[in-house]
Amino acid sequence: MTPAVAPALPLPVATWTRSTDVVVVGSGAAGLMTAVRLADAGRSVVLVTKGELGAGCTAWAQGGLAAVLGDDDAAELHVRDTLIAGAGLCDEPAVRTLVGEAPGAIADLLELGAQLDRDAAGRPALTREGGHSRDRIVHAGGDASGAEVTRTLAAALRARGVDVLEHTVALDALTSVSGRVTGLRVAAVGDDGALTRPGDLLTRAVVLATGGYGQVYAATSNPEGATGDGLALALRAGAEVADVEFVQFHPTVLWLGAGARGQQALVSEAVRGEGAVLVDGSGRRLMAGAHPLADLAPRDVVSATVAAHLRATGAAHVFLDATHLGREFLERRFPGIVAACRAAGVDPATEPVPVVPAAHYACGGVLADLDGRTSVPGLYAVGEVACTGVQGANRLASNSITEGLVAARRCAALLAADLPPSAPALEPGRGWAVDATARPGISTAVSRSAGVLRDDAGLAALAAVLDAAPVAGTLDLAAVEATALHTVAALLALAARERTESRGCHRRTDAPEPRPEWAVRLAHRLTPDGGVATRRLPVRTEELVPA
Ligand code: SIN
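Reading the values: rules and limits
Counting from 1, residues in each chain are numbered in the order their sequence is written. This being a predicted model, a pLDDT of at least 70 is required before a residue's local features are given, and a value of 80 or more before pairs of side-chain atoms are given or counted; all residues contribute to the totals for chains, interfaces and linings. Note that water and hydrogens are dropped before the side-chain values are worked out from all heavy atoms of the structure. For this purpose, a residue is taken to be near a molecule or strand whenever a single non-hydrogen atom of the residue falls within 4 Å of it. In protein, a polar contact means a hydrogen-donor-capable atom and an acceptor-capable atom, both N or O and within 3.5 Å, with residues adjacent in sequence counting only if both atoms are side-chain atoms; elsewhere, any N or O pair within 3.5 Å suffices. Accessible areas in this description were obtained via Shrake-Rupley with a 1.4 Å probe; residue shielding takes into account the shown protein chains only. The residue classification treats Ala, Val, Leu, Ile, Met, Phe, Trp, Tyr, Cys and Pro as nonpolar and Asp, Glu, Lys and Arg as charged. All others, Gly included, are polar. With axes taken as lines fitted to C-alpha atoms, and helix axes fitted only over the stretch in contact, angles between N-to-C directions fall between 0 and 180 degrees. Think of it this way: any DSSP run of H or I at least four residues long counts as a helix, any run of E at least two long counts as a strand, and we number them from the N terminus. The scheme is simple: roughly parallel for angles under 35 degrees, roughly antiparallel for over 145, roughly perpendicular for 65 to 115, oblique for anything else. What makes a crossing left-handed is the near helix being turned counterclockwise from the far one by less than a right angle; a clockwise turn instead makes it right-handed. In this analysis, two residues are considered to be in contact whenever any of their non-hydrogen atoms come within 4.5 Å of each other. Two strands are said to pair when DSSP picks up at least two bridges between them.

J.: An account of the site of the ligand is needed here, citing residue identities and associated values.
T.: Taken together, Gln62, Gly63, Glu129, His250, Leu266, Ser268, Glu269, Arg299, His360, Arg395, Ala397 and Ser398 make up the full set of residues adjacent to the ligand. Here an oxygen atom of the ligand sits 2.7 Å away from a polar atom, N or O, in the side chain of histidine 250. Between the ligand and arginine 299 there is a distance of 2.8 Å, counted from an oxygen atom to a side-chain nitrogen or oxygen. Across the complex, the protein chains shield 94% of the 260 Å² of accessible surface that the ligand would expose by itself. For the shell around the ligand, the per-class residue count stands at 2 nonpolar, 6 polar and 4 charged.

So this is what it looks like as structure tokens:
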């Protein structure tokens, strides 16, 4: 049985209205680039962000952006690596578009002033991460790639005078009588999380760029705001979501003790790209023999191997040994990671770093194409909130900021050329919200039952926890986020139960093999009676060209 999902929020009455061509929600790489390029095209844009500009997931990214730039690389190899990591569920035409347009997206960043790390010849320095057969990850500040992307795009946005509403939360879409999205109800968020000054942004297009939902787990690399708000809002607006069961766990977040909750410091895969290895407490290598690429196997393989080891041995964590890379190299190449480890009392130059897998990236999201079109006219989705099929059942490392930029450029070009018609907005129906006190119980249950390893009994127990979630008396930011997390958890439990196989980052201990009949994607939408309808989507493929 599927726990009930909120069909609408209990919205406050709007006290003002304002019109603009496009509303962009979210200020990570995808949202910022969409707004920058729309402004360049002369469209009026309002960017809404629930925190401060640029405070989303992108700013935390360490690794970088994947693109074919090296002399020994080829688009076909990047396509191939992405499809292999995606474990049979990638949308191949979308992957080919991503790979083809990735170098242009990097060129855009450079043109906007990004300071990427350079090699001795002055070209962007390239490194390798898990699942890549060539060095193709560009980075900045050593391990501060996301921060540089955010700095660059936020400066470009400010320079263009785009209107930014910070500390403003998107509540629900407004729709026309035909179901077209024609606006957004928003509210300002006070220091205490209370909602004030509710109002309606009337618009021709709403572009969701709200990022992922790592916070649905007790421990994640994602910042506090990654609560799945955009996915939940899109569902409530009638959109389909897909691939929600595929949550990527990063194998190496810093272990901070058994009860650590919330955002945990990442130890980038690029550290393994430079030669670090995973070992157990006795120094035995974990990945040697587990996969031909060993420590640089795709992330799902590494996380599942570590999780199985922890389960079998009862150990609390494994170790990442980078000591042979040397102090000077580590401090120069990974200054942020070295500082985070030292702050936690571990010196990566002299001792192995304790690490565990933690929730990192949502491969699923609002079903969309790479131009951002969703199943609802007027509603667009770009970046991690979108599910374009590029990531399949498991994202290839560092393909995500690249995807966000490629989709942002395409979505902005689409809306610059052809803005949907305007239409009067109806007053939305009144729904309900989940009380914020439910949030710790939800994330504990999701971690226990829908983590790296899952089974049917655990997922059924998760659904029961979600069913018992209390309804909020007052709508504030905490209730908006708790409702989104509850919605995400309900769909995750549903999809993970339905998919009776193991594939990519969905690993069922009671169905440990991939099954050919499951080479399909699961898409969900809300039904008018508050239920969830599911359909199976065929996977679009082209023949894999041998390397
Ligand atoms: C990392 O630096 O390991 C994360 C990169 C990514 O998630 O793509």
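J.: Give me the lowdown on the packing of helix α1 (residues 29–40) against helix α4 (residues 145–159), citing residues and values where you can.
T.: For the pair α1 and α4, the least separation of the axes is 9 Å and the interaxial angle reads 30°. It follows from the interaxial angle that α1 and α4 lie roughly parallel. In this structure, α1 crosses over α4, and the sense of that crossing is left-handed. Contacts between α1 and α4 involve Ala29, Leu32, Met33, Ala35 and Val36 from the former and Val149, Thr150, Leu153, Ala154, Ala156 and Leu157 from the latter. A per-class count over the contact of α1 with α4 returns 10 nonpolar, 1 polar and no charged.

J.: Requested: an account of the environment of valine 181, with residues and values cited.
T.: Note on placement: valine 181 falls in strand β8 (residues 181–189). Each C-alpha atom, one on valine 181 and one on alanine 237, is 7.7 Å from the other, the two residues being 56 residues apart in sequence. If sequence neighbours within four positions are ignored, valine 181 has contacts with Ala173, Leu174, Thr175, Thr203, Arg204, Val206, Ala237, Val376, Pro377, Gly378 and Leu379.

J.: A description of the pairing of strand β1 (residues 17–25) should follow, citing residues and the corresponding values.
T.: Bridge count between β1 and strand β9 (residues 195–208): 8 bridges; the pairing is parallel. Following the sheet pairing, valine 23 is matched in β9 by valine 206.

J.: Describe the sheet that holds strand β3 (residues 65–66), naming the residues involved and giving the relevant values.
T.: One open sheet holds the 3 strands; their spatial order is β3-β5-β4, and the pairing between them is antiparallel. Single-partner strands in this sheet number two, and they are β3 and β4 (126–127). Looking at chain direction, β4 and strand β5 (residues 137–138) are connected through 2 bridges and run antiparallel. In the sheet register, leucine 126 faces β5, and the bridge partner there is valine 138.

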